[in-house]
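Commentary on secondary and tertiary structure
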Amino acid sequence: STQSTGEVPTEEAAMKIQLVQISQPPFFDDMDEVMVMAKKEVLSKVHSLLYFICSGDVDSYLENVLPTVTSFEPETHGMLVEGTKFHEYMFDSAKKDKLKVNCTMIAPHVQLLGTDAAVVSYTRLVQYTSSTGTTTQKYSETRVMQREGEHWKMAHCHRSQ
């Protein structure tokens, strides 16, 4: 059964995913410890989102995005998509592929926009392994995060190749 805690992947998902790692982690040189902790919290949430995406954990993903989430992605062909239905379909399609996935977040940059919003930009390498070999794709990604009560949720994603 699917775990919806937002932290623990299902057994099936754990077998599918290889690793979600951060390469060249950011150096937070802010003098304010509160700012540093907020940036680390936001980065941790985005890291978790990537884990949910790469492991196919749609329930945890949906718990961590706003219902009105918007996105521009290669699959939208330049069109703005609003809501979660597009992403739910992408998760469903990815389940059928049964590929092993390795994700690497490279050189993330966290920018706080006050106390309740943040922008995280980075490069993501995604390696897919199947019976025919390994394919690597590179994406430039920006995720806008919004604080909802005590939790950060994704409000917007821009992903390009």
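Throughout what follows, the structure given in this document is the object of discussion. Given the structure is predicted, the values throughout are model-derived calculations rather than measurements.

The rules behind the values
- Chains are numbered independently. Their residues run from 1 in the order of the written sequence.
- Where local features are concerned, this predicted model is filtered to residues with pLDDT of at least 70; where side-chain atom pairs are given and counted, the filter is 80 or more; whole-chain, interface and lining totals use all residues.
- Note: side-chain values were computed over all heavy atoms of the structure, leaving out hydrogens and water.
- Working definition: helices are DSSP H or I runs of at least four residues, strands are E runs of at least two. Numbering for both runs from the N terminus.
- Exposed residues in this analysis have more than 50% of their type's maximum accessible area, buried residues have under 20%, and partly exposed residues fall in between, with area computed by a 1.4 Å probe over protein chains only.
- Polar contact is the term for a pair of N or O atoms within 3.5 Å; when the atoms are in protein, one must be able to donate a hydrogen and the other to accept it, and sequence-neighboring residues count only if both atoms are side-chain atoms.
- For this analysis, a ring pair means two rings from Phe, Tyr or Trp (six-membered ring only for Trp) whose centres lie within 6.5 Å, classed as stacked if their planes differ by under 30 degrees, edge-to-face if by over 60, and tilted for the remaining angles.
- Our definition puts a charge over a ring when NZ of Lys or CZ of Arg is within 6 Å of the ring centre and also within 35 degrees of the ring normal.
- Among the buried residues, those of types Ala, Val, Leu, Ile, Met, Phe, Trp, Tyr and Cys that are joined through side-chain atoms within 4.5 Å form a nonpolar core.
- It only takes one pair of heavy atoms within 4.5 Å for two residues to be counted as in contact.
- Whenever a pair of cysteine sulfur atoms sits within 2.5 Å, that pair is classed as a disulfide.

Observations concerning the side chain of serine 55
Turning to its location among the elements, serine 55 is positioned in helix α2 (residues 33-55). A residue is classified by how much of its surface remains accessible, and serine 55, at 4% relative accessible area, is buried. There is a polar contact of 3.4 Å between the side chain of serine 55 and the backbone oxygen of phenylalanine 52.

As for the packing of aromatic side chains
Scanning the entire structure with this criterion turns up 0 aromatic pairs. In this structure, arginine 159 packs its charged tip against the face of tyrosine 139, placed 4.5 Å from the ring centre.

So, the nonpolar core
One finds Val42, Tyr61, Val120, Met145 and Met154 to be the most contacted residues of the largest nonpolar core, which totals 30 residues. Elements represented by at least two residues in this core include exactly α2, α3 (58-63), β2 (65-72), β4 (100-112), β5 (117-130), β6 (133-148) and β7 (151-160). A total of 9 residues in this core trace back to one element, the largest contributor, which is α2. Setting aside anything within four residues of it in sequence, one finds valine 120 in contact with Val42, Leu43, Val46, His109, Val110, Glu141, Thr142 and Arg143.

A short note on the state of the cysteines
In protein structure, a disulfide is the covalent linkage between the sulfur atoms of two cysteines. All chains considered together, the criterion is met by 1 disulfide. Sulfur-sulfur distance for the disulfide between cysteine 54 and cysteine 103 comes to 1.9 Å. Taking the sign of the S-S torsion, -85° for the link of cysteine 54 and cysteine 103, the bridge is left-handed. Remark: cysteine 103 occurs in strand β4 and cysteine 54 occurs in helix α2; sequence separation between them is 49 residues. With a relative accessible area of 5%, cysteine 54 lands in the buried category. Owing to a relative accessible area of 0%, cysteine 103 belongs among the buried residues under this scheme.

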